[in-house]
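Here are the chains, one letter per residue:
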Amino acid sequence: MAARFYEPRVIRIEQVDKPEINKDEILVRNRVALTCGSDLKMYLRGHRLVTPPLVIGHEFAGTIEKIGDDVQGFREGMNVVAANSAPCMSCYYCRIGKPNLCDRLDEVLVGFSFPGAYAEYVRLPARIVRQNVCEIPKGVSFEEAAFLEPLACVIHGGELADVKADDLVLIIGAGPIGLLHMQLAKAHGAKTVVVTDASSERLRRAAGLGADHTVDTKDPVGEIRRLSEKRGADVTIEAVGKPETWELAVQATRKGGTTVLFGGCPAGSTAAIDTGAVHYGELTLKGVFHHTPASVREALRLISTRQVKVAPLITHRMRLSEVEEALRLMQNGVAIKVALTP
Ligand SMILES: [Zn+2]
Ligand SMILES: [Zn+2]
């Protein structure tokens, strides 16, 4: 059984053939797949890499059903989690140590250019098998392990944010990504982490997971100034993906501070940045994209040690056949993450 995307707002649950694997690939019997904001975006608008019909979904964990003859280090019956991509390690960006910007990332992107995880079985392509498949440690559930990919992206963003002890950090957006950033900033020793969101329910959840302050969206900049002797945040992390929240992120950051623009805005959109604030304020603006093999490994470590608590981000559990309903719950802001079981 697989959930295949046909066109915006059309996903069909279908019987498909069990995937065949090549000698350097792995077949995983999927135990859980998580919904993600990018699956929702694809459901609503389609995606440049997707050629329908395609099984979508890219956050998952399961048990190895079959391994190719040339695969080493894995065995059938092993519980594993995989990232949705892996770098080529030969292009310019891979050679200069920026594998998240790999020119060939799009070639095998599970759930985008390659069949995904909203299915009973997931085929792992060779490049991912070589670099980004991890055995799930004992004591870690499939649901927790499935957070590997989003947390790896957040960890990569956290490296660029470079949060220091005693920092005042503002997180814009209390969705799954914002809540992961919030916990990571605390793990890095941030003194005060403030979360802003339009939804009071999401803010309550952020407070429950360790946010020091939560603010609604009426005047977050005023609130940050009040908390920082009028300076602004040392580090601001935007985790919404709208031009207006990118602008807000710049406004909320103090002179000499760092603004991390994590959320992807609609293609072709632009944001207005106060040139004076950037120039006289020596602001550092950082765009962030995707993950690296190192951030994937670090994600598994933080999940296993529970330094980042991922389980509370799952707000709903549903059957894979209910995937469209699950995506609607995401769209309405009711669900943070839905765990789908085949
Ligand atoms: Zn995702
Ligand atoms: Zn590359």
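Numbers given for residues are sequential positions, taken from 1 along each chain in its written order. Starting at A for chains and at 1 for ligands, labels are handed out in the order in which the entities are written. Only residues with pLDDT of 70 or above have their local features reported here, since the model is predicted, and side-chain atom pairs are shown and tallied only from 80 upward, although totals for entire chains, interfaces and linings are computed over all residues. Water and hydrogen atoms were dropped before computing side-chain values, which therefore reflect all heavy atoms in the structure.

To continue, consider the environment of I128. Secondary structure elements follow DSSP: runs of H or I of four or more residues count as helices, runs of E of two or more count as strands, with numbering from the N terminus. Mapped onto the secondary structure, I128 falls in helix α3 (residues 126-131). I128 gets classed as buried once you look at its relative accessible area, which sits at 0%. C-alpha separation for the pair I128 and G222, spaced 94 residues apart in sequence, amounts to 45 Å. When neighbours within four sequence positions are excluded, I128 is seen to be in contact with A82, A83, N84, S85, A86, V108, V110 and V133. In this scheme, a residue with accessible area under 20% of its type's maximum is buried, one over 50% is exposed, and one in between is partly exposed, where area comes from a 1.4 Å probe on protein chains only. Contacts are residue-level and defined by heavy atoms, with any inter-residue pair within 4.5 Å sufficient.

Moving on: the coordination of the zinc ion (ligand 1). The coordination sphere of the zinc ion (ligand 1) contains the protein donors C36 (SG), H58 (NE2) and E59 (OE), at a distance range of 2.1 to 2.3 Å. Donor residues for the zinc ion (ligand 1), ordered by position in the chain, follow C-x21-H-E. Of this pair, C36 sits in the loop between β3 (26-34) and α1 (37-45) while E59 sits in strand β5 (residues 59-67); the two residues are 23 residues apart in sequence, bridging distant segments of the chain. Because no water is among the atoms considered, metal sites can look incomplete, with donors defined as N, O and S atoms within 2.8 Å of the metal, or 3.2 Å for Na, K and Ca.

Let us look at helix α9 (residues 243-252). Within α9 the residues assigned to the buried category are P243, T245, L248, A249, V250 and A252. Elements that come into contact with the buried residues of α9 comprise β9 (168-172), α8 (220-226), β12 (233-238), β13 (253-261) and β14 (284-287).

Only strands that DSSP links by at least two bridges are regarded as paired with each other. Taken together, three strands build an open sheet; the order of strands is β2-β1-β4 and the sheet is antiparallel. Each of the sheet's edge strands pairs with one partner strand only, and the pair in question is β2 (10-14) and β4 (54-55). As paired strands, strand β1 (residues 2-7) and β2 are joined by five bridges and run antiparallel to one another. Within β2, the residue paired with F5 across the bridge is I11. Its contacts with the sheet place helix α12 (residues 323-331) against β1 and β2, and it is angled at close to 145° to β2. Inter-axis angles, ranging from 0 to 180 degrees, are taken between N-to-C directions of lines fitted to C-alpha atoms, where helices are fitted over the stretch in contact.

What follows concerns the coordination of the zinc ion (ligand 2). Looking at the metal site, the zinc ion (ligand 2) is ligated by C88 (SG), C91 (SG), C94 (SG) and C102 (SG), spaced 2.3 to 2.4 Å from it. Just to be clear on the cut-offs, tetrahedral is four donors with all angles between 85 and 135 degrees, square planar is four donors and octahedral six with opposite donors over 155 degrees apart and all others between 65 and 115, and anything else goes down as irregular. Geometry at the zinc ion (ligand 2) is tetrahedral, judged from the four donor atoms that bind it and their angles of 103 to 116° at the metal. In primary sequence terms, the donor set of the zinc ion (ligand 2) follows C-x2-C-x2-C-x7-C. For the pair C88 and C91, a shared accessibility class is recorded, and that class is buried.

Let's shift gears to the nonpolar core. We define a nonpolar core as any set of buried Ala, Val, Leu, Ile, Met, Phe, Trp, Tyr and Cys residues linked to one another through side-chain atoms lying within 4.5 Å. Counting residues in hydrophobic clusters, the biggest one holds 50 residues, and the most contacted among them are V81, L151, V169, L179, M182, V195 and I237. Among the secondary structure elements, those contributing two or more residues to this core are β3, α5 (148-161), β9, α6 (176-187), β10 (192-196), α7 (200-208), β12 and α11 (293-304). For this core, the element with the highest residue contribution is α5, accounting for seven residues. L40, A86, Y118 and A335 belong to the second-largest nonpolar core, a separate cluster that totals 44 residues.

Further remarks concern the side chain of T253. Along the polypeptide, T253 turns up in strand β13. Given a relative accessible area of 8%, T253 falls into the buried group. The term polar contact refers here to a pair of N or O atoms within 3.5 Å; inside protein, the definition further demands a hydrogen-donor-capable atom paired with an acceptor-capable atom, and it admits residues adjacent in sequence only when both atoms are side-chain atoms. A distance of 2.9 Å separates polar atoms of two side chains, one belonging to T253 and the other to T259. T253 has contacts with G232, A233, D234, T236, T258, T259 and L283, leaving out every residue within four places of it along the chain.

For this analysis, a salt bridge means a side-chain nitrogen from Lys or Arg found within 4 Å of a carboxyl oxygen belonging to Asp or Glu. Under the counting rule described, the total for this entry stands at 21 salt bridges. For D70, the salt bridge identified is with K23, shortest N-O distance 3.8 Å. Within this pair, whereas D70 is found in the loop between β5 and β6 (79-82), its partner K23 is found in the loop between β2 and β3, the two being separated by 47 residues in sequence. Accessibility expressed as a relative area gives 47% for D70, which makes it partly exposed. Taken together, the shared-partner salt bridges connect K18, R29 and E65 into one network.

The next thing to look at is the sheet that holds β10. Consider a sheet: its strands pair through backbone hydrogen bonds, and that pairing is either parallel or antiparallel. Across the sheet, which stays open at both edges, the six strands sit in the order β11-β10-β9-β12-β13-β14 with parallel pairing between neighbours. At either margin of the open sheet sits one strand with a lone partner, and together these are β11 (213-215) and β14. Each neighbouring strand pair of the sheet contributes to a mean axis angle of 15°, computed without reference to strand direction. Here β13 pairs with β14 via four bridges, running parallel. Across the sheet, T259 pairs through a bridge with L285, a residue of β14.

This part covers the pairing of β6. As paired strands, β5 and β6 are joined by three bridges and run antiparallel to one another. The partner of T63 across the bridge, within β6, is N79. Relative to strand β8 (residues 133-135), β6 runs antiparallel, the two being bridged by three bridges. Bridge pairing in β8 places A82 opposite V133.

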